[in-house]
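Reading the structure
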Amino acid sequence: MTKRLIAIFLVLALMVPAVSMTSAQGDDEQVLYVGLDVGPGGYNNGMPYNYGAGHTMHIKMYSPLFVWNEDSTDIVPFIVESYESNDDFTVWTFKLREDVYFSDGEQLTANDVKFTADFMTSSDINLENFNHINEAFGQIEGFDAHRNGEAEELTGVQVIDDFTFQYTLSTSNPRIYGRMYGTYIFPEHAIDFAPADYQTIDWWYNSDKQVGSGPFSVADYKRDEYLELVPNEYYFLGAPKLDRLVDRYFPDETAAVLALAAGEIDFSYVSPDVLSTLDADTFEIYGGNSYVSIFFHINYNNSPEAWQDLLVRQAFMYAIDRQAIADVVLEGTHMVLPCLVPIESVYTDSLNDYAYDPDKAKALLAEAGVDPADLGTVDWVTHPGYANPLMKDAVQASQAYLADIGIQAEMRYLDLPTWRTTYLAEGYQMGFRGQAYAIFSPPLAALYTNAGGQGGDINGWDFVATGFEDVVNQALSAPTYDEYTAKLGELCQMENEQLPWLPMWVGERYGALNTRVKDFYWYPAGGGGPYDDHAEQWYVED
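Treat the numbers as computed from the prediction; the structure is a model and nothing was measured. (Residues numbered from 1 in each chain as written. Predicted model: local features only at pLDDT ≥ 70, side-chain atom pairs only at ≥ 80, totals over all residues. Heavy atoms only, no water.)

Points about helix H11 (residues 389-404)
Note the cut-off: Going along the chain from the N terminus, every DSSP run of H or I of four or more residues is numbered as a helix, and every run of E of two or more is numbered as a strand. For a helix, the expected span equals 1.5 Å multiplied by the residue count minus one. Accessibility here uses a 1.4 Å probe with only protein chains present; expressed as a share of the type maximum, an area under 20% marks a residue as buried, one over 50% as exposed, and anything in between as partly exposed. By the criterion applied in these results, polar contacts are pairs of N or O atoms within 3.5 Å in which, for protein atoms, one can donate a hydrogen and the other can accept it, and in which residues neighboring in sequence qualify only through two side-chain atoms.
Over its 16 residues, H11 extends 23 Å from the first C-alpha to the last, a length consistent with the 22 Å expected when each residue adds 1.5 Å. Taken together, the buried positions of H11 are occupied by Pro 389, Leu 390, Met 391, Asp 393, Ala 394, Val 395, Ala 397, Ser 398, Tyr 401 and Leu 402. For H11, the side-chain oxygen to backbone nitrogen distance between the N-cap and Leu 390 is 3.1 Å, and the N-cap itself is Asn 388. Just downstream of H11, Gly 406 is the residue with a positive phi angle, here 95°.

Focus on the sheet that holds strand E8 (residues 164-168)
As a reminder, the rule being used: Only when DSSP finds a minimum of two bridges between them are two strands counted as paired. Working convention: axes come from line fits to C-alpha atoms, limited for helices to the stretch in contact. Angles between N-to-C directions cover 0 to 180 degrees.
Read across the open sheet, the four strands follow the order E5-E6-E8-E7; overall the sheet is antiparallel. With partners counted over all chains shown, the strands left at the sheet margins are strand E5 (80-85) and strand E7 (157-161), one partner each. Neighbouring strand axes in the sheet, compared pairwise and without regard to direction, differ in orientation by 25° on average. With five bridges connecting them, E5 and strand E6 (residues 91-96) associate as antiparallel partners. Within E6, the residue paired with Ser 85 across the bridge is Trp 92.

Points about the environment of Arg 147
Our working definition: We call two residues in contact when some of their heavy atoms are within 4.5 Å.
Mapped onto the elements of the fold, Arg 147 is located in helix H5 (residues 143-147). Spatially, the C-alpha atoms of Arg 147 and Met 120 are 9.1 Å apart, while their sequence positions differ by 27 residues. Arg 147 has contacts with Thr 121, Ser 122, Ser 123, Ile 125 and Phe 130, leaving out every residue within four places of it along the chain. Of note is the side chain of Arg 147, whose polar atom sits 2.7 Å from the backbone oxygen of Ser 122.

Let's talk about the packing of aromatic side chains
Note the cut-off: Each aromatic pair joins two rings of Phe, Tyr and Trp (for Trp, the six-membered one) with centres within 6.5 Å, and gets the label stacked for planes under 30 degrees apart, edge-to-face for over 60, and tilted for any other angle.
Inspection of the entire model under this criterion finds 45 aromatic pairs. Where Trp 92 meets Phe 94, the ring centres are 6.3 Å apart and the plane angle is 15°; that geometry is what we call stacked. Both residues of the pair, Trp 92 and Phe 94, count as buried. Relative to Tyr 521, the ring of Tyr 286 has its centre 6.4 Å away and its plane inclined at 85°; by these criteria the two rings are edge-to-face. On the criterion of sequence distance, the pair formed by Tyr 286 in strand E13 (residues 283-298) and Tyr 521 in the loop between strand E19 (517-518) and strand E20 (539-540) is long-range, its members being 235 residues apart. A relative accessible area of 11% means that Tyr 286 is categorised as buried. Residue class for Tyr 521 comes out partly exposed when judged on its relative accessible area of 27%.

So, the side chain of Thr 116
Inspection of the secondary structure assignment puts Thr 116 in helix H3 (residues 110-120). Among all residues touching Thr 116, those that are not within four sequence positions of it are Tyr 49, Phe 137, Tyr 184, Ile 185 and Phe 186.

Looking at the packing of helix H8 (residues 310-319) against helix H10 (residues 358-368)
In a pair of packed helices, the angle between the axes and the distance between the axes together describe the arrangement. Stated formally: These descriptions rest on fixed angle ranges, namely under 35 degrees for roughly parallel, over 145 for roughly antiparallel, 65 to 115 for roughly perpendicular, and the rest for oblique. Two helices cross in a left-handed way if the nearer one is turned anticlockwise from the farther one by less than a right angle. They cross in a right-handed way if the turn is clockwise.
At a minimum axis distance of 8 Å, the contact between H8 and H10 shows a crossing angle of 165°. When the axes of H8 and H10 are compared, the pair comes out roughly antiparallel. Seen along the crossing, H8 lies across H10 with a hand that is left-handed. Seen from H8, the contacting residues are Leu 311, Val 312, Gln 314, Ala 315, Tyr 318 and Ala 319; seen from H10, they are Pro 358, Lys 360, Ala 361, Leu 364, Leu 365, Glu 367 and Ala 368.

The structure is reproduced here in structure tokens:
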């Protein structure tokens, strides 16, 4: 960590005075260069639904039905004006705003909602990640039949009139809207490709093709370099003040921080250890609870059988001083987790804190009849979102603690494309990752039933966890908020006792903004939300 700060200082000291790429471009054109989204390197696709993150940019181009609020504590309608359900919460009727237009001037209607639902649940939709499809549409009647090719449409979504549509659910859900924050609506008239081409077509980046209902539309794109957007003059909350918004891609956080300090960009995600290096007169700091639980996800199918033994997983937990890492290595910016639910209000006194106790860890391994040497070197993998220097120090500390009880582990830091293919395959033993888990957003049913919501039983969940699916379903159908949160507490207790995965921390995240940018807002929502950051109001002051 210290070496990194010194490196940044040295580079900054050697820099010539930065020539800003932001603000006016000589003719009063308003251009803002940023490094947005969940972290440097985190965004590099323009396809909603396809990955768990990227919402900060997706909502710039497309409008979802609902969004998270400004601090991830609630969910609110976005292009939905009103909604109501029948008495048993199986039929929901939604009324759309009538002032929402796509960037080509066509009005967004309930037919576009129906088209999007049918398109995204088609049996031949080609995606790497089905998380958001399952979350957005999985509880709607006819989902399985349409996904399996046994029906021509998602029958549970019906158009009532131009601005009213109805969901009929396969099971009661008093908070179905909590699953609709990632339901971006596509223009039926402008989608000129088949679901099978979703992931391969260049429509998403082609300025002659791409049409959305967000504040901006695509002007230019160069993979691994930038995505340039221009205003949607028909945006329902008002045409943006910026003439261009350019989201730069960075392979890692250090590159983004250097670009920020050099004036090449005006905003980036930054780690806590970087905050003190930034000029307080130049940068405004945004931050908050990420509600992203960080944990080790065991791939049981590709790990020694010993990891299926609860005693071994308990030994792992007792071996690592998570509190010391949170306090010292992570500089007090993270909280130790008892489970994946990162919400203290649902915790009870009966939760095991797995306080650091290496002797107990060794005794548990002995009781399990496991020689740590027989576990081999545990193969950890992670992606750039957890490869910043601070988190690398936390991983290194964890490795040292495990080594003290004889468990060896090595981390492979993968780029995003490699991570995605590796995580979906069998080629690792433990994934070190995060999972967004805001309280209003129901627990991901798929997270508790298969491979962390990635589709397919790649982690052998059934080896170790029992009863989770029932509790998740009870939480989803709980008629009142108190009953819902009580079920989250029960879910946390089960995770804490069974340890199907190994919870570590939840932390604060930060972004730094050059103060010349005005009326800007950012919050470290998990996966980027989406939330309404009112990008149409952003502007640069010389």
